[in-house]
Amino acid sequence: MSADMNEILDSSKSDILPGEILISVSDLAKHYKSKAGEIRALDGITTDICKGEVLVIIGPSGSGKSTFLRSLNLLERPTGGTITFEGVDITSPSSDINKLRQKMGMVFQHFNLFPHLTIMDNMTLAPRKLLKMSKPDAEAKALELLKKVALEDRAYAYPSQLSGGQKQRIAIVRALCMSPDVLLFDEPTSALDPEMVGEVLDVMKDLAKSGMTMAVVTHEMGFAREVGTRVIFMDEGKIIEEGTPDEIFTNPKNERLQSFLAKVL
Amino acid sequence: MIASLTAKPVCLLPKWLSDLQDDFYLNFIKEDRYLYLLRGLWMTLKITFFAVILGIALGVIAAIVRSTHDKNISEMRPGLGRVLLKISNALVKLYLTVIRGTPVVVQLMITYYIIFASSTNQMLVAVLAFGINSGAYVAEIIRSGIMSIDNGQFEAGRSLGLNYIQTMTYIIIPQAFKNVLPALANEFIVLIKETSISGYVGIMDLTRGGDVIRSRTFSPFLPLFAVALIYLIIVVFFSKLVSILERRLRNSER
Ligand SMILES: Nc1ncnc2c1ncn2[C@@H]1O[C@H](COP(=O)(O)OP(=O)(O)OP(=O)(O)O)[C@@H](O)[C@H]1O
Ligand SMILES: [Mg+2]
């Protein structure tokens, strides 16, 4: 299955080889001004995301995980630092953010499917408008992807007719329709009933196996351990500890990480 | 006996009924006077229809300018785009304030006697005046529709690479429109009644048609009640359609 997934996605257009740096984040900051003073949602984040990597971001609530992830495709405008994606400084005013976002898919906690469009139209809207794909081509590709998540029979249903787990699988393949070079996930299973978490994580595992670069904010420590190639622990807008899942989960050094793990594991 | 019955059947009708019959004949049948009502109704419907279309077009534009401004201005970098947005927002605000702050009949007269003083196309003037007026109210309806859409929809569109305008066009506006369709239909119903002031600038609409009959026959009762009844039937009919529409929309969600 993962080999097939690779074939459909075919993101070989980028010259970056597996293991090379895809996204480089340097001293990233996001400060909010409030009456009580300044909130430092991000306070000097520096890290690289390499092609083929599955980066898992964990941390307590309010630590800045979402802000970090959403800064990567500029849904949040950072107030300091730089983000370089495929060699382009996307934080510079001259960068074409709409072009860059085509290469960075995003999956949200609440799916955010378009309720007025069928599943098929949800998936083909962006490829047709942005990649100028013909309707039959876009639909053929969407159908292939739907088969991978076993939802091809729901192609002409509306989002409201699907379960939460089905919606999130659609949200993932909708992002894949643009053949992105990286996928960003912000707590993709947090809004799901427990019995539906597995089906979404399975799709994400398949994606990881196919070599997709992923950055995942999650509370699913099992997934982080099994699928993650690297784990970042954040607190108060900073990276407190970072390492392989093994280093983070079996040998945590920082005491904040230790107490966080004691709570969630 | 039988002969006298057939000769003068009218005598058997009560006096008030035969009076009414005479009145009916005088006001509607004689000299084809019913045509004033029929042609007037047609004019009222035409003016309302085109004014609604113009109103929706203006309203959508005004609503997009207002909500784009409110949503983005604080995050926009200085530059031409920001300046243009500020100017268009100020213009739209002025439009909304002036239109909502003055009586529509005054707007109609200004349009007719000042702005289009040289035009002989009365219907066009009325469509413009009522369309521009309606646009100010439609703008607020559409804006509330846009605001009611979850921001996640917007973010999902942008994260796929759609630009602001594409996200608005394909994702936000269609949903906003659907949410406010009943309110827009109500605006149409309000406008049907509002066009009854068209006579102020000499347009032969339904109300004016009835009034012309009254002035010819010196019998106000039937023509004016006929006019009122026609408005009532149209309004009740469209209100019924709106409630059917509302039910349909509610059922289609989930
Ligand atoms: N628009 C905003 N204005 C002010 N402060 C904000 C804003 N958005 C986020 N913050 C603050 O930034 C900090 C980081 O928020 P963020 O949503 O990134 O945390 P998180 O790690 O994703 O938390 P959670 O696990 O609850 O999703 C929080 O303290 C939050 O209150
Ligand atoms: Mg979050």
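Look above for the structure.
(A) The packing of helix H4 (residues 119-130) of chain A against helix H8 (residues 164-194) of chain B, seen in detail. Look at H4(A) against H8(B): their axes get within 12 Å of each other, and the N-to-C directions meet at 145°. With respect to the hand of their crossing, H4(A) and H8(B) are arranged in right-handed fashion. Here H4(A) contributes A:Leu125, A:Lys129 and A:Leu130 to the contact with H8(B), which in turn contributes B:Gln166, B:Tyr170 and B:Ile171. Along the lines of polarity and charge, the residues of the contact of H4(A) with H8(B) split into four nonpolar, one polar and one charged.

(B) Structural view of the pattern of salt bridges. Counted by the stated rule, this structure contains 22 salt bridges over all chains. One salt bridge in this structure joins A:Glu76 and A:Lys30, with 3.9 Å as the shortest N-O distance. On the criterion of sequence distance, the pair formed by A:Glu76 in the loop between helix H2 (65-72) and strand E4 (80-85) and A:Lys30 in strand E1 (residues 21-34) is long-range, its members being 46 residues apart. When its relative accessible area of 7% is taken as the criterion, A:Lys30 is described as buried. Among the ionic pairs, A:Asp202 bridges to A:Lys205, the shortest N-O distance being 3.9 Å. Of this pair, A:Asp202 and A:Lys205 both sit in helix H7 (residues 194-209), separated by three residues, roughly a single helical turn. Here the salt bridges share partners, and the residues they tie into one network are B:Arg66, B:Asp70, B:Arg100, B:Glu140 and B:Arg143.

(C) Structural view of unusual backbone geometry. Backbone geometry at A:Lys132 places phi at a positive 55°, although glycine is not the residue there. Within the secondary structure, A:Lys132 is located in the loop between H4 and helix H5 (135-148).

(D) Layout of the side chain of B:Thr167. Residue and element names in this part refer to chain B. Take Thr167: it is sitting in helix H8. For Thr167, a relative accessible area of 0% translates into the label buried. Only 2.8 Å separates the side chain of Thr167 from the backbone oxygen of Asn163, close enough to count as a polar contact. For Thr167, the residues in contact, after removing those within four places along its chain, are Phe154, Gly157, Arg158, Leu162 and Ile172.

(E) Fine view of the sheet that holds strand E7 (residues 182-186) of chain A. Residues and elements named next belong to chain A. The mixed open sheet is built from six strands, whose spatial order is E6-E7-E8-E3-E9-E10. The open sheet has two free edges, formed respectively by strand E6 (104-107) and strand E10 (238-243), since each of these has just one partner strand. Sheet twist, expressed as the mean angle between neighbouring strand axes with direction ignored, is 20°. Where helix H6 (residues 164-176) meets the sheet, it contacts E6 and E7, and its direction lies at approximately 170° from that of E6. Lying on the sheet, helix H10 (residues 255-264) is in contact with strand E3 (54-58), strand E9 (230-235) and E10; it crosses E9 at an angle near 100°.

The rules behind these values
- Residues numbered from 1 in each chain as written.
- Chains lettered and ligands numbered in written order.
- Predicted model: local features only at pLDDT ≥ 70, side-chain atom pairs only at ≥ 80, totals over all residues.
- Heavy atoms only, no water.
- Axes fitted to C-alpha atoms, helices over the stretch in contact; angles between N-to-C directions.
- Helix = DSSP H or I, 4+ residues; strand = E, 2+ residues; numbered from the N terminus.
- Left-handed = near helix turned anticlockwise from the far one by under 90°.
- Contact = heavy atoms within 4.5 Å.
- Nonpolar A, V, L, I, M, F, W, Y, C, P; charged D, E, K, R; others polar.
- Salt bridge = Lys/Arg side-chain N within 4 Å of Asp/Glu carboxyl O.
- Buried < 20%, exposed > 50% of the residue type's maximum accessible area, 1.4 Å probe, protein only.
- Polar contact = N/O pair within 3.5 Å; in protein donor to acceptor, adjacent residues only side chain to side chain.
- Pairing = 2+ DSSP bridges.

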